[in-house]
Amino acid sequence: MTGRLPAAPWAEHAEVIVTIARHDRQNRLLLLDPGSLAATPETNLADQPRTDLTLDLELNDQRVRELPETLSPEWLFESGALLRCQEIAGALATVLDMTVQYAGERVQFGKPIARQQAIQQQLAVLATQAAVAAGAADMAVDAFHDPRRQSLIAAAKARCGEAAGQALAIAHQVHGAIGMTREYRLNLYSRRLWSWRDEFGGERYWQVRLGEQVLARGADGLWPFITELGSSTEGARQ
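Residues numbered from 1 in each chain as written. Predicted model: local features only at pLDDT ≥ 70, side-chain atom pairs only at ≥ 80, totals over all residues. Heavy atoms only, no water.

1. Some words on the sheet that holds strand β4 (residues 38-40)
As a general point, the strands of a sheet are linked pairwise by backbone hydrogen bonds and lie either parallel or antiparallel.
Alright, step 1. Taken together, the three strands give an open sheet; going across it, the order is β1-β5-β4, and neighbouring strands pair in antiparallel fashion. Pairing within the sheet leaves two strands with one partner each, and these edge strands are β1 (2-9) and β4. Neighbour-to-neighbour, the strand axes of this sheet turn through a mean angle of 20°, independent of strand direction.
Alright, step 2. Both β4 and strand β5 (residues 50-56) contribute to a ladder of three bridges, which runs antiparallel. Each bridged residue has a counterpart across the sheet, and for Thr 40 the counterpart in β5 is Asp 52. (Pairing = 2+ DSSP bridges. Helix = DSSP H or I, 4+ residues; strand = E, 2+ residues; numbered from the N terminus. Axes fitted to C-alpha atoms, helices over the stretch in contact; angles between N-to-C directions.)

Have a look at this one:
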C-alpha cells in the first residue's frame, strides 16, 4: 500500500489510523499503525494538528477489512463536509451572540455602538448569515439518505463557507482590534471557522461540483434540477 493521507487530525495522539481505500474493485477499511507511517506535523489556522502521513508498507489480513459499496471514500468525504456544516452553523450562532453583546456593552460618544444605525444594519446582516448557515446545514442533514444528497451537501458546504466569510468580516469590524487578541474568545471561533471553510472542500470545490451537475442536465434541466432538490428536502422534513 502506497499513498498519502493529508491533514490527518490529531494523528500523533491516535493508536490506530483508519482510512478507506479501493482495491480489486472493492472498498477496503485499512487499520494502520501510526508508527509505520512517515509523518510531517502541520497545523491549520486554528493551530489544530493536521499531520500529513505517507504510506509505503505491506498490510496483512488483520489490517484490511471489507466494506459495503455504500461506505466509499466519496461517502466519507461528503460526511466530513456535512459535519463541518454543522460546526460552522453552531460557531456562527455563538459569534452572533458575542457580537450583539459586545455592541451593547461598547460605549462610544456616550452611547452603546449598537444604537448606531450602521452597526444595527451590520448586525442584521450577521444574523442573516448565521440563520442561512443553520438552514443550509439542517437541509443537508435532513436529506442525508436522499439519492441527491451529494448535491444538497455541495450546496450546504458552499453556502456555509460563504456565510462564515461574510459573518466574520462583520464580527471583526464591530469588535475592532480586540477580536484578534489571544485573550478574547472571538479569535478562537474565527480561526476555526476559517479552517472549517476549507476542510472537506471549500466553496469553490463544491460550487464546481454543483456546476458540473447542472451542465450535465443541459439548459432545460436547470429549473427541474433546482425544484427536485427542493422537493427532496421537503420530503425529508415530513
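2. Some remarks on the nonpolar core
Alright, step 1. The biggest cluster of nonpolar side chains holds 44 residues, and the ones touching the most others in it are Ile 88, Leu 92, Cys 160 and Leu 193.
Alright, step 2. Those elements that provide at least two residues to this core are α1 (73-105), α2 (117-142), α3 (149-175), α4 (186-198), α5 (203-217) and α6 (222-237).
Alright, step 3. Once you skip the residues sitting within four places of it in the chain, Cys 160 turns out to touch Cys 85, Ile 88, Ala 133, Ala 136 and Ala 137.
Alright, step 4. Listed in part, the 11 residues of the second largest apolar core include Leu 5, Ala 8, Ile 17 and Leu 53. (Core = buried A, V, L, I, M, F, W, Y, C linked by side-chain atoms within 4.5 Å. Buried < 20%, exposed > 50% of the residue type's maximum accessible area, 1.4 Å probe, protein only. Contact = heavy atoms within 4.5 Å.)

3. Let's talk about unusual backbone geometry
It is generally the case that most residues other than glycine have a negative phi and that most peptide bonds are trans.
Alright, step 1. For Trp 10, which is not a glycine, the phi torsion comes out positive at approximately 55°.
Alright, step 2. Considering the arrangement of structural elements, one finds Trp 10 in the loop between β1 and β2 (17-23).
Alright, step 3. On the basis of relative accessibility, which here comes to 44%, the residue Trp 10 falls in the partly exposed class.
Alright, step 4. Backbone geometry at Asp 47 places phi at a positive 65°, although glycine is not the residue there.
Alright, step 5. With respect to the element layout, Asp 47 can be found in the loop between β4 and β5.
Alright, step 6. According to the relative accessible area criterion, Asp 47 is partly exposed, its value standing at 44%.

4. Remarks on the pairing of β2
A regular strand places its side chains so that they alternate between the two faces of the sheet.
Alright, step 1. Bridging between β2 and strand β3 (residues 26-32) involves seven bridges; their strand directions are antiparallel. Of the residues in β3, the one forming a bridge with His 23 is Gln 26.
Alright, step 2. Here β2 hands over to β3 after two residues, with Asp 24 in that stretch at a positive phi of 55°.

5. Remarks on the packing of α3 against α5
Alright, step 1. Packing of α3 against α5 brings their axes to within 8 Å, and their N-to-C directions diverge by 145°. Crossing of α3 over α5 shows left-handed handedness. Taking contact as the criterion, the partners of Gln 150, Ser 151, Ala 154, Ala 155, Lys 157, Ala 158, Gly 161 and Glu 162 in α3 are, on α5, Glu 203, Trp 206, Gln 207, Arg 209, Leu 210 and Gln 213.
Alright, step 2. A breakdown of the residues in the contact of α3 with α5 according to their chemical character gives five nonpolar, five polar and four charged. (Left-handed = near helix turned anticlockwise from the far one by under 90°. Nonpolar A, V, L, I, M, F, W, Y, C, P; charged D, E, K, R; others polar.)

6. Examining the sheet that holds β2
Alright, step 1. Pairing is antiparallel across the open sheet formed by three strands, whose spatial order is β2-β3-β6. Of all strands in the sheet, those bounded by a partner on one side alone are β2 and β6 (64-66). Across the sheet, the mean angle separating the axes of adjacent strands is 30° when strand polarity is ignored.

7. Description of a nonpolar patch on the surface
Alright, step 1. A cluster of nonpolar side chains, Leu 222, Trp 223 and Ile 226, forms an exposed patch at the surface whose accessible area comes to about 340 Å².
Alright, step 2. Note on Trp 223: relative accessible area 61%, which makes it exposed. (Patch = residues over 30% accessible without salt bridge, like charges linked within 9 Å, V, L, I, M, F, W, Y side chains within 5 Å. Areas by Shrake-Rupley, 256 points an atom, 1.4 Å probe, with all protein chains shown as cover. Salt bridge = Lys/Arg side-chain N within 4 Å of Asp/Glu carboxyl O.)

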